[in-house]
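Descriptive structure summary
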Amino acid sequence: MFEPSGERASTSQSGRSSSATSVKTQDTLPSAGFNVAALAKIGEQAFQRGELVSAELVALTYGALVRQLFLDYQAPEDVNEELERIGYNIGLRLVDDFLARSAAPPCRSFQATAEIVARVAFRMYLGVSARPANFAADNTAYSILFDTNPLAEFVEVPDAVANTLWYSNIFCGVIRGALEMVQFSVRASFTRDMLRGDECNEIRVCLLRELEETVPLDKET
Amino acid sequence: MQVYNFYLFSRHGTCLYYREWQRTRPGSDTQQEQQNLIGLLFAVKQLCRSLAPANDDSLPIDTATRYMPRGPSNFCSYSTEKYQLHCFESSTGLRFVLTTSPTASDLTRILQRVYREAYVECAIRNPLYTLGTSIVSESFRKRLDSVIRTLAVESTVFRPASEKALRGNGSPATKS
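To start, this report covers the structure provided alongside it.

What counts and how
Residues numbered from 1 in each chain as written. Chains lettered and ligands numbered in written order. Predicted model: local features only at pLDDT ≥ 70, side-chain atom pairs only at ≥ 80, totals over all residues. Heavy atoms only, no water. Axes fitted to C-alpha atoms, helices over the stretch in contact; angles between N-to-C directions. Helix = DSSP H or I, 4+ residues; strand = E, 2+ residues; numbered from the N terminus. Parallel < 35°, antiparallel > 145°, perpendicular 65-115°, else oblique. Left-handed = near helix turned anticlockwise from the far one by under 90°. Contact = heavy atoms within 4.5 Å. Nonpolar A, V, L, I, M, F, W, Y, C, P; charged D, E, K, R; others polar. Patch = residues over 30% accessible without salt bridge, like charges linked within 9 Å, V, L, I, M, F, W, Y side chains within 5 Å. Areas by Shrake-Rupley, 256 points an atom, 1.4 Å probe, with all protein chains shown as cover. Salt bridge = Lys/Arg side-chain N within 4 Å of Asp/Glu carboxyl O. Buried < 20%, exposed > 50% of the residue type's maximum accessible area, 1.4 Å probe, protein only. Pairing = 2+ DSSP bridges. Phe/Tyr/Trp six-rings, centres within 6.5 Å; stacked < 30°, edge-to-face > 60°. Lys NZ or Arg CZ within 6 Å of the ring centre and 35° of its normal. Expected span 1.5 Å × (residues − 1). Polar contact = N/O pair within 3.5 Å; in protein donor to acceptor, adjacent residues only side chain to side chain. Core = buried A, V, L, I, M, F, W, Y, C linked by side-chain atoms within 4.5 Å.

Attention now goes to the packing of helix α3 (residues 36-49) of chain A against helix α6 (residues 110-126) of chain A. Residues and elements named next belong to chain A. Look at α3 against α6: their axes get within 7 Å of each other, and the N-to-C directions meet at 25°. One finds that α3 runs roughly parallel with respect to α6. Crossing of α3 against α6: the hand is right-handed. For the pair α3 and α6, the contacting residues are Val-36, Leu-39, Ala-40, Ile-42, Gly-43, Glu-44, Ala-46 and Phe-47 in the first and Glu-115, Ile-116, Arg-119, Val-120, Arg-123, Met-124 and Leu-126 in the second. Grouping the amino acids of the contact of α3 with α6 by side-chain chemistry returns ten nonpolar, one polar and four charged.

This brings us to a nonpolar patch on the surface. Residues Val-53, Leu-57 and Val-58 of chain A make up a contiguous nonpolar surface patch of about 250 Å² in total accessible area. Along the chain, the position of Leu-57 of chain A falls in helix α4 (residues 55-73).

This part is about the pairing of strand β2 (residues 141-146) of chain A. All names here are of chain A. Taken across its six residues, β2 has six buried, putting it largely inside the fold. Pairing of β2 with strand β4 (residues 201-210) involves six bridges; the strand directions are antiparallel. Across the sheet, the residue bridging to Ala-141 is Cys-206, located in β4.

Attention now moves to the packing of aromatic side chains. Under the criterion given, the structure shown has 19 aromatic pairs over all chains. Seen from their ring centres, Phe-88 of chain B and Tyr-115 of chain B are 6.0 Å apart, and the 55° between their planes marks the pair as tilted. One end of the pair, Phe-88 of chain B, is in strand β4 (residues 84-89); the other, Tyr-115 of chain B, is in helix α3 (residues 108-124), and 27 residues separate them in sequence. Like Phe-88 of chain B, the residue Tyr-115 of chain B is buried in the burial classification. Chaining the aromatic ring pairs together yields one cluster made of Phe-6, Phe-88, Phe-96, Tyr-115 and Tyr-119 of chain B. Between Arg-196 of chain A and the ring centre of Trp-166 of chain A, over which it is positioned, the NZ or CZ distance is 3.4 Å.

This next bit is on helix α7 (residues 170-181) of chain A. All names here are of chain A. For α7, built from twelve residues, the straight-helix expectation of 16 Å at 1.5 Å per residue is met to within 8% by its first-to-last C-alpha distance of 17 Å. Turning to α7, its buried residues number three or more, namely Ile-170, Phe-171, Cys-172, Gly-173, Val-174, Ile-175, Gly-177, Ala-178, Leu-179 and Met-181. Check the buried side of α7 and you find it contacts α4, α5 (76-102), α6, β2, β3 (184-192) and β4. Just beyond α7, the residue with positive phi is Gln-183, at close to 70°.

All right, on to the side chain of Thr-92 of chain B then. By the element assignment, Thr-92 of chain B lies in the loop between β4 and β5 (95-100). By relative accessible area, which is 3% here, Thr-92 of chain B ends up buried. Here Asp-96 of chain A takes part through its side chain, which lies 2.8 Å from a polar atom of the side chain of Thr-92 of chain B.

Attention now goes to unusual backbone geometry. The phi angle of most residues is negative, glycine excepted, and most peptide bonds adopt the trans form. All names here are of chain A. One non-glycine residue, Gln-74, lies in the positive phi region at around 70°. With respect to the element layout, Gln-74 can be found in the loop between α4 and α5. Located in the positive-phi region is Gln-183, a residue other than glycine, with phi close to 70°. Classification of Gln-183 as buried rests on a relative accessible area of 18%.

Another point: the nonpolar core. With 39 residues, the main nonpolar core has Phe-122, Ile-144, Phe-146, Ile-175, Leu-179, Ile-203 and Val-205 of chain A as its most contacted residues. Only α4, α5, α6, β2, α7, β3 and β4 of chain A provide two or more residues apiece to this core. Here the element with the most residues in this core is α7 of chain A; it accounts for seven residues. For Leu-179 of chain A, the residues in contact, after removing those within four places along its chain, are Thr-113, Val-117, Tyr-142, Phe-184, Val-186 and Val-205 of chain A. If you look at the next biggest cluster of nonpolar residues, it comprises 29 residues, including Leu-98, Leu-107, Leu-144 and Ile-148 of chain B.

All names here are of chain B. Checked against the element boundaries, Ser-146 lands in helix α4 (residues 138-157). For Ser-146 and Glu-117, which are 29 residues apart along the polypeptide, the C-alpha to C-alpha distance reads 9.8 Å. Polar side-chain contacts of Ser-146 include one of 3.0 Å to the backbone oxygen of Arg-143.

Residues and elements named next belong to chain A. Across the interface, α4 lies against α5 with an axial gap of 9 Å and an inter-helix angle of 130°. The angle between α4 and α5 places the two elements in the oblique class. For the crossing formed where α4 meets α5, the hand is right-handed. Along its contact with α4, which presents Tyr-62, Leu-65, Val-66, Leu-69, Phe-70 and Tyr-73, the element α5 presents Pro-76, Asp-78, Val-79, Glu-82, Leu-83 and Ile-86. Considered class by class, the residues forming the contact of α4 with α5 number ten nonpolar, no polar and two charged.

Counted by the stated rule, this structure contains 20 salt bridges over all chains. Here Glu-89 of chain B and Lys-45 of chain B are joined by a salt bridge, their closest N and O atoms 2.7 Å apart. Remark: Lys-45 of chain B occurs in helix α1 (residues 30-51) and Glu-89 of chain B occurs in strand β4; sequence separation between them is 44 residues. Bridged by salt links that share partners, the residues Glu-51, Asp-97 and Arg-101 of chain A together with Glu-121 and Arg-125 of chain B form one connected network.

This is the structure:
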């Protein structure tokens, strides 16, 4: 027997003290107006709870990876693409880790992903603050801005490739992979990078389409 | 409270993991049973959504005007005279399903722990595991068992008395 009205269904649930219920109440805020301070706090707590790795180690290892890709591929465009692909595969898995450990409210819309990715995920995995900005009028694109990039520490990009290589392109792949798992097919790309002398880092995320849930088909028919 | 069995379904509806504990009546066709179950879960999700009020305040404004809200359903359990089925769906579409005797309380929290402590630790973080394939890891089984074991301890302590009022009578009753 189904509960006839949403109100009654929610009262029958409110008696239980499950974390799912508390997550749901956080979602009662209007989408663009997630409580920003609360999101930052969620990110910070998840960051503290997680295993911490030395930022220098990450920066040096990542630098070695990019350098090796350069030796293998030569062309900076190919390196960008390969970094994006590596990130994509990371993102496909990372999203489950994120959802399970962060206790972030669920993303019910594309704009909501902007808040969650920027304020919670960046904080949780990189320990830096990022902010969503430049929403497109039809809500199919947004930018993520951040001032500190842990990957780009100690980095000097040679002049020859300075305008073609997106050194931290792995982030774009991670975002694309992660959002694809929550049914948003997106294209993410760097538009500004402090390594190129811009005043902040900017990743542009464009919604290509919302994926529909696939209903499993009966194999016998 | 008795715990019967556990299923983990991928976002595409394939069964990634199956384990039974105190199942007294073995199913005749496990594969068919899993297919029927995932079919049921999809159908219940669709039904719950189509019955939900359109002007749901808990949803962001732009999606509230649409017919079907996005994201995982909040359907958490149904119970019959003989057993209770608990379901937790992650935002990525994974479904964690546990069947128990009908005296259980809300087990969403336990299934979230399975997600966090078993699936993420032993499948997602295992580089040898390919996403979407069935899980054969022994450590996954151990972690799953240890989470379920804590449940057996907790359930005797924290069972709310009011739960009995919500029982269905033979036919599946949904609380979503």
